[in-house]
Amino acid sequence: MTEPSERQPRRNGRVRMTGKERREQLLEIGRRLFAERGFDATSVEEIAAKAGVSKPVVYEHFGGKEGLYAVVVDREVRQLLDMVTNALTGGHPREMLEQAAFALLDYIEQSTEGFRILVRDSPVGSTGTFATLISDIATQVEHVLASEFKARGYDPKHAPMYAQMLVGMVALTGQWWLDVRKPRKAEVAAHLVNLAWNGLSGLEQKPTLRSREHK
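Residues numbered from 1 in each chain as written. Predicted model: local features only at pLDDT ≥ 70, side-chain atom pairs only at ≥ 80, totals over all residues. Heavy atoms only, no water.

Asker: What exactly am I supposed to notice about the overall build of the protein chain here?
Answerer: When its secondary structure is counted, the protein chain shows nine helices and two strands. Each helix and strand of the protein chain, placed in order from N terminus to C terminus, yields the pattern β-β-α-α-α-α-α-α-α-α-α. Put simply, the protein chain has 215 residues, and 42% of those count as buried. Long-range pairs, those at least 24 residues apart, make up 61% of the contacts in the protein chain between residues at least 6 apart in sequence. If you sum the accessible surface of the protein chain, you get close to 12,300 Å²; carbon and sulfur atoms cover 50% of it. (Helix = DSSP H or I, 4+ residues; strand = E, 2+ residues; numbered from the N terminus. Buried < 20%, exposed > 50% of the residue type's maximum accessible area, 1.4 Å probe, protein only. Contact = heavy atoms within 4.5 Å. Areas by Shrake-Rupley, 256 points an atom, 1.4 Å probe, with all protein chains shown as cover.)

Right, here's the structure in full:
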């Protein structure tokens, strides 16, 4: 008896995808179309046509366009949060800010389509909006600011607010860099941290990253 996970040959000789393979194919096609056109301009008909299946197949796997979009967004959110969390390896607070900024720019560079999806307006009822994502990332760096505020005699209760400011600044700069791609990633990260760490009144003329060498 053939296992359900094995591919079944069709009568025309082509190999039929397993349910898991079909689901991944639809997710990849949907991800590409959502990045290019946005949620509203993408249709189930087009997703199905690109996959070479009928519309009911898309509904069977995701219940509709909204369900497919939600899975795509959830994957991108988890990937970005994992990258930021894993990048925060410790060290001086300034180095941790560098790590967080560089992680976001890494994600933009490696998952351009995913970032385009995240920064678009999400449909009503969708989870993982860009504002929510920014809040989640800010939580990851909040403790860095809290400890630094305490050491410098500032009230640490303001750390969450400053974390939102800093991460928002990095995210908006990332949206700009997504299209221009100049200067190089390490230079963008260095200037971001320069502004965040020194403020406008204490900017370094030629900022560099301290935590590690970046290309």
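Back to the text.
Asker: Help me understand the UniProt feature "DNA-binding region" (unreviewed entry) in the protein chain in this model?
Answerer: Per the UniProt entry, the sites bearing "DNA-binding region" (unreviewed entry) are residues 43-62 in this numbering. Helix and strand shares over residues 43-62 are 80% and 0% respectively, and the end C-alpha atoms of the span are 13 Å apart. (UniProt positions renumbered as here; feature names shortened; annotations may be inferred.)

Asker: Would you mind going over empty space enclosed by the protein with me for this structure?
Answerer: Sizing a probe to match a water molecule and rolling it over the atoms shows the empty space that remains. Considering all chains together, one arrives at two cavities of 30 Å³ or more under this definition. By volume, the largest cavity is sized at about 130 Å³. Lining the largest cavity, in full, are Leu-97, Ala-100, Ala-101, Leu-104, Ile-137, Val-141, Leu-166, Val-167, Val-170, Leu-192, Val-193 and Ala-196. When residues of the lining of the largest cavity are traced back to their parent elements, those giving at least two are helix 5 (93-110), helix 7 (130-151), helix 8 (159-180) and helix 9 (185-198). (1 Å grid on protein atoms, 1.4 Å probe; cavity = no way out; pocket = protein on both sides within 12 Å on 5 of 7 lines; lining within 4 Å. Points joined across faces, edges and corners; volume = space filled by probe spheres on them.)

Asker: Got a minute to help me understand the nonpolar core in this structure?
Answerer: Nonpolar side chains in soluble globular proteins tend to end up buried together. Grouped together as the largest cluster of nonpolar side chains are 62 residues, with contacts concentrated most on Leu-26, Ile-47, Leu-68, Leu-80, Leu-118 and Leu-133. When neighbours within four sequence positions are excluded, Leu-133 is seen to be in contact with Val-77, Leu-80, Leu-81 and Leu-118. (Core = buried A, V, L, I, M, F, W, Y, C linked by side-chain atoms within 4.5 Å.)

Asker: In this structure, what is going on with the layout of surface pockets? I would like to understand it.
Answerer: Of the voids in this model, the largest pocket is the one considered here, and its volume is about 310 Å³. Lining the largest pocket we find Leu-97, Leu-145, Glu-148, Phe-149, Arg-152, Tyr-154, His-158, Tyr-162, Leu-166, Ala-196 and Trp-197. Listing elements by their share of the lining of the largest pocket, those giving two or more residues are helix 7, helix 8 and helix 9. In terms of residue count, helix 7 provides more of the lining of the largest pocket than any other element does, three residues in total.

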